[in-house]
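# Breakdown of the fold
Spelled out, the chains give:
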Amino acid sequence: MSQQRFKFLAGRLAGVAAGLLSLATAGNLAAQPRIAAVVNGASYEAMLAPGCWMSIFGTELAPDIAVAQTREPLPTELLGVSVSVGGIVAPLGFVSPGQINAIVPFGIQPGASVRLTLTRPGSPPVEHWIALRPSVPSLFMRLDLPDEDRRKQAIVISPSFDRVLDSVSPGDTVILYAAGLGETDPPGRTGWPGAESEPLNRVPASRMPRVLIGEQEAAVLFAGLAPVWPGVYQLNVRVPERLDSQRIVLEYPTGERHITTIDVPSGTNAANVTGSIRSLFPCEPSDVPPGFPCTGSPFDRSLMPQVTQFSVALDIAPGARPFSIVATGESGSARIEIDPVARSWRASLTVLDDRVRQGDYSGVGQFLLDYRACSLTAGGLSCLPFPAGIVPRDRMYLEEGRAASVLPLPNSPGSNGIAVFTASGSIGSNNRFEISSTVNASLATFAGITYLPLGYLSTRVAPLRLYVDGRLVASKDVSYQVFPRP
């Protein structure tokens with residue numbers, strides 16, 4: 001076993017609390033433990049699956065700080081503290097008064113309300129309800145970067161496992177670490193690392209995840225439990241030969257995806273590039289078009305549309321090869337492929353389907369919770385769903401409806417509330433291409449749907465990025481508030 005691999009992952013999983021502990025321990029003078037939120041230990045979103053690391057945030061969760069000293073298997077008790085999910089005891093990696101890192105045990109039936117129970121000395125058990133999916137693909141992200149970037153860049157390891165990479169190049173073979181990829185074949189053992197020799201604990205072919213790097217599909221050479229640390233999946237991938245953005249996308253056949261970033265080399269197919277990007281919803285009052293409403297109100301439900309607008313102008317360089325313009329928001333994206341040889345372009349934008357534009361999220365496949373209908377109990381925060389998955393008209397935001405009206409209407413099918421708008425055209429003789437409010441305006445706005453967990457992260461950041469030929473041209477981070485806790 002590579003000592004570098006062990007030390008790196010051990011530090012990543014056990015030491016994650018160092019930078020976050022203060023968020024959860026503020027005001028922890030209560031005598032009884034209280035759970036504020038349970039999130040995915042890799043992505044920090046409130047999406048969990050059997051076999052996935054989870055981080056439990058709250059107050060008085062443990063009498064002190066302790067880190068697991070063994071990993072084959074991980075202990076199920078530290079300082080007298082234990083956690084069970086669905087009645088099955090969970091392995092522990094770390095406990096403290098404000099945070100506990102544990103693994104959701106394999107063998108639990110996924111569902112919308114699965115009981116999590118925390119037990120610690122001197123206190124009655126505390127219950128909390130979590131939603132479990134069969135799988136929630138999530139890439140582990142770096143914590144050694146500045147705060148604003150730490151939740152965006154993936155951990156990418158060299159094939160010799162001797163260093164963490166800051167960038168990748170076409171044709172590289174690299175290692176990614178993930179969580180939440182579900183059951184393996186043969187099955188993994190809860191609290192144990194993956195096998196070091198055949199038979200390895202592989203993800204079944206029917207659930208093999210896709211990996212996109214720079215918007216192009218990367219070859220997945222291996223996907224399964226890593227022989228490094230329990231609850232960690234390893235992905236060996238080959239970087240594609242063409243890279244159109246800095247994004248890494250991990251996507252499951254069922255549509256769940258997790259997006260992070262890594263630096264890539266930029267191309268030389270475009271010159272005189274200018275561009276900008278902004279969010280129409282959520283919006284910032286200083287950055288919306290004239291006459292566009294923007295109250296900056298906190299969001300009060302778990303599913304929200306994200307509508308992003310951008311502009312770009314460029315000259316196609318002499319002898320240029322095919323390249324792409326890629327605009328991305330917290331959810332949703334626009335991709336315009338430029339073919340200088342055929343002198344044509346083709347665009348594909350994600351947009352909202354007609355039902356979501358009217359507030360009907362019944363077909364989205366995620367829970368639409370009403371954050372005005374929440375109660376704080378000894379077991380944690382419990383929120384009621386919107387009846388039939390529909391947001392009433394009087395709960396729709398003015399700027400939400402205005403942003404949706406700016407979107408192009410879909411002309412291709414999609415799924416989970418997202419549809420697609422496609423278009424194509426030719427490149428003029430002057431080799432100039434532009435997207436703005438007056439030129440190719442229908443390509444300038446795209447959308448997606450974001451799940452907003454309540455509790456741990458009440459302030460969120462929507463990262464907006466515009467890439468041309470793999471180079472970052474414009475970026476903006478839009479901060480917005482989720483409805484405050486009761």
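Use the structure listed above.
Residues numbered from 1 in each chain as written. Predicted model: local features only at pLDDT ≥ 70, side-chain atom pairs only at ≥ 80, totals over all residues. Heavy atoms only, no water.

## Some thoughts on the overall build of the protein
Assigned secondary structure in the protein consists of 4 helices and 30 strands. With 486 residues in all, the protein has 56% of them scored as buried. For the protein, long-range pairs separated by at least 24 residues make up 68% of all intrachain contacts whose partners lie at least 6 apart in sequence. Accessible area of the protein: about 19500 Å², with a carbon and sulfur share of 52%. (Helix = DSSP H or I, 4+ residues; strand = E, 2+ residues; numbered from the N terminus. Buried < 20%, exposed > 50% of the residue type's maximum accessible area, 1.4 Å probe, protein only. Contact = heavy atoms within 4.5 Å. Areas by Shrake-Rupley, 256 points an atom, 1.4 Å probe, with all protein chains shown as cover.)

## Observations regarding the nonpolar core
Within the largest apolar cluster, 65 residues are counted, with the highest numbers of intra-cluster contacts made by Phe 310, Leu 314, Ile 325, Ile 336, Ile 338 and Trp 345. For this core, the leading source of residues is strand β19 (residues 303–316), giving 7 residues. Counting 44 residues, the second-largest nonpolar core is a separate cluster that includes Ile 35, Ala 66, Leu 92 and Phe 140. (Core = buried A, V, L, I, M, F, W, Y, C linked by side-chain atoms within 4.5 Å.)

## A look at the pairing of strand β26 (residues 418–426)
The pairing of strand β22 (residues 344–352) with β26 spans 9 bridges and is classified as antiparallel. Counterpart to Arg 346 in the pairing with β26 is Ser 424. Alignment of strand β25 (residues 412–415) against β26, held across 2 bridges, turns out to be antiparallel. Considered in β26, the bridge of Ser 412 is made with Val 420. (Pairing = 2+ DSSP bridges.)

## Here's the deal with the pairing of strand β16 (residues 247–251)
By the criterion of burial, β16 is predominantly enclosed, with 5 of the 5 residues buried. Here β16 shows no split at all, with Arg 247, Val 249 and Glu 251 on one side and Ile 248 and Leu 250 on the other all buried. The sheet contact formed by strand β13 (residues 210–213) and β16 spans 4 bridges and is antiparallel. Residue pairing for β16: Ile 213 is matched across the bridge by Ile 248.

## Let's talk about the sheet that holds strand β29 (residues 459–468)
Neighbouring strands of a sheet are bound in pairs by backbone hydrogen bonds; such pairs are parallel or else antiparallel. Here 7 strands make up an open sheet; going across it, the order is β25-β26-β22-β21-β20-β29-β30 and the pairing antiparallel. The open sheet terminates on both sides in strands that have one partner only, identified here as β25 and β30 (471–481). Adjacent strand axes in the sheet meet at a mean angle of 15 degrees, parallel and antiparallel pairs treated alike. (Axes fitted to C-alpha atoms, helices over the stretch in contact; angles between N-to-C directions.)

## Some thoughts on helix α4 (residues 398–406)
Within α4 the residues assigned to the buried category are Glu 399, Glu 400, Ala 403 and Ala 404. Down the axis, α4 shows its buried residues gathered within 135 degrees of arc, on one side only. Within α4, the exposed residues directed more than 90 degrees away from the buried face are Leu 398 and Ser 405. As for α4, its buried residues are in contact with β18 (270–281), β19 and α3 (354–357). (Arc of directions from axis to C-beta.)

## A short note on the state of the cysteines
By definition, a disulfide links the sulfur atoms of two cysteines through a covalent bond. Tallied over the entire structure, the rule returns 2 disulfides. With a sulfur-sulfur separation of 2.1 Å, Cys 283 is cross-linked through a disulfide to Cys 294. Judged by the sign of its S-S torsion, about 110 degrees, the cystine formed by Cys 283 and Cys 294 is right-handed. Of this pair, Cys 283 sits in the loop between β18 and β19 while Cys 294 sits in the loop between β18 and β19, and the two are 11 residues apart along the sequence. Cys 294 carries the same exposure label as Cys 283, and that label is buried. Paired through a disulfide, Cys 374 and Cys 383 show a sulfur-sulfur distance of 2.0 Å. Its S-S torsion of approximately 105 degrees makes the covalent link between Cys 374 and Cys 383 right-handed. The pair formed by Cys 374 and Cys 383 is uniform in burial state, with each residue classed as buried. When the cysteines engaged in disulfides are numbered in sequence order, the protein pairs them as 1-2, 3-4. (Disulfide = S-S within 2.5 Å.)

## What about the environment of Arg 355?
With respect to the helices, strands and loops of the structure, Arg 355 is situated in helix α3. A sequence separation of 63 residues divides Arg 355 from Ile 418, and the C-alpha atoms of the two residues are 9.8 Å apart. Ignoring sequence-local partners within four residues, the contact set of Arg 355 consists of Asp 360, Ser 362 and Gly 363. One polar contact links Arg 355 to Ser 362, side chain to side chain, over a distance of 2.4 Å. (Polar contact = N/O pair within 3.5 Å; in protein donor to acceptor, adjacent residues only side chain to side chain.)

## Side note on the pattern of salt bridges
Applying the stated criterion across every chain yields a total of 21 salt bridges. A salt bridge links Asp 300 to Arg 395; the nearest nitrogen and oxygen atoms lie 3.2 Å apart. Here Arg 395 lies in the loop between β24 (380–385) and α4 and Asp 300 lies in the loop between β18 and β19, a separation of 95 residues in the sequence. What makes Asp 300 buried here is its relative accessible area of 1%. The salt bridge partner of Arg 460 is Glu 330, with a shortest N-O separation of 2.6 Å. Separated by 130 residues along the polypeptide, Arg 460 in strand β29 and Glu 330 in the loop between β20 (323–328) and β21 (333–339) bring together distant segments of the chain. Residues Arg 460 and Glu 330 agree in their burial class; the two are buried. (Salt bridge = Lys/Arg side-chain N within 4 Å of Asp/Glu carboxyl O.)

## Focus on the sheet that holds strand β6 (residues 92–95)
Spatial ordering of the open sheet is given by β1-β2-β7-β6-β3, a layout of 5 strands whose pairing is antiparallel. Each edge of the open sheet carries a strand with a single partner, namely β1 (34–40) and β3 (66–67). Pairing geometry for β1 and strand β2 (residues 53–59), over 6 bridges, is antiparallel. From the neighbouring strand, Asn 40 faces β2, where its bridge partner is Met 54.

## Re the side chain of Asp 469
Residue placement: Asp 469 occurs in the loop between β29 and β30. Here the side chain of Asp 469 touches Asn 269 through a polar contact of 2.9 Å, landing on its backbone nitrogen. If near-sequence neighbours (up to four positions away) are discounted, Asp 469 is found in contact with Leu 243, Ser 266, Gly 267, Thr 268, Asn 269, Ala 270, Phe 323 and Ser 324.

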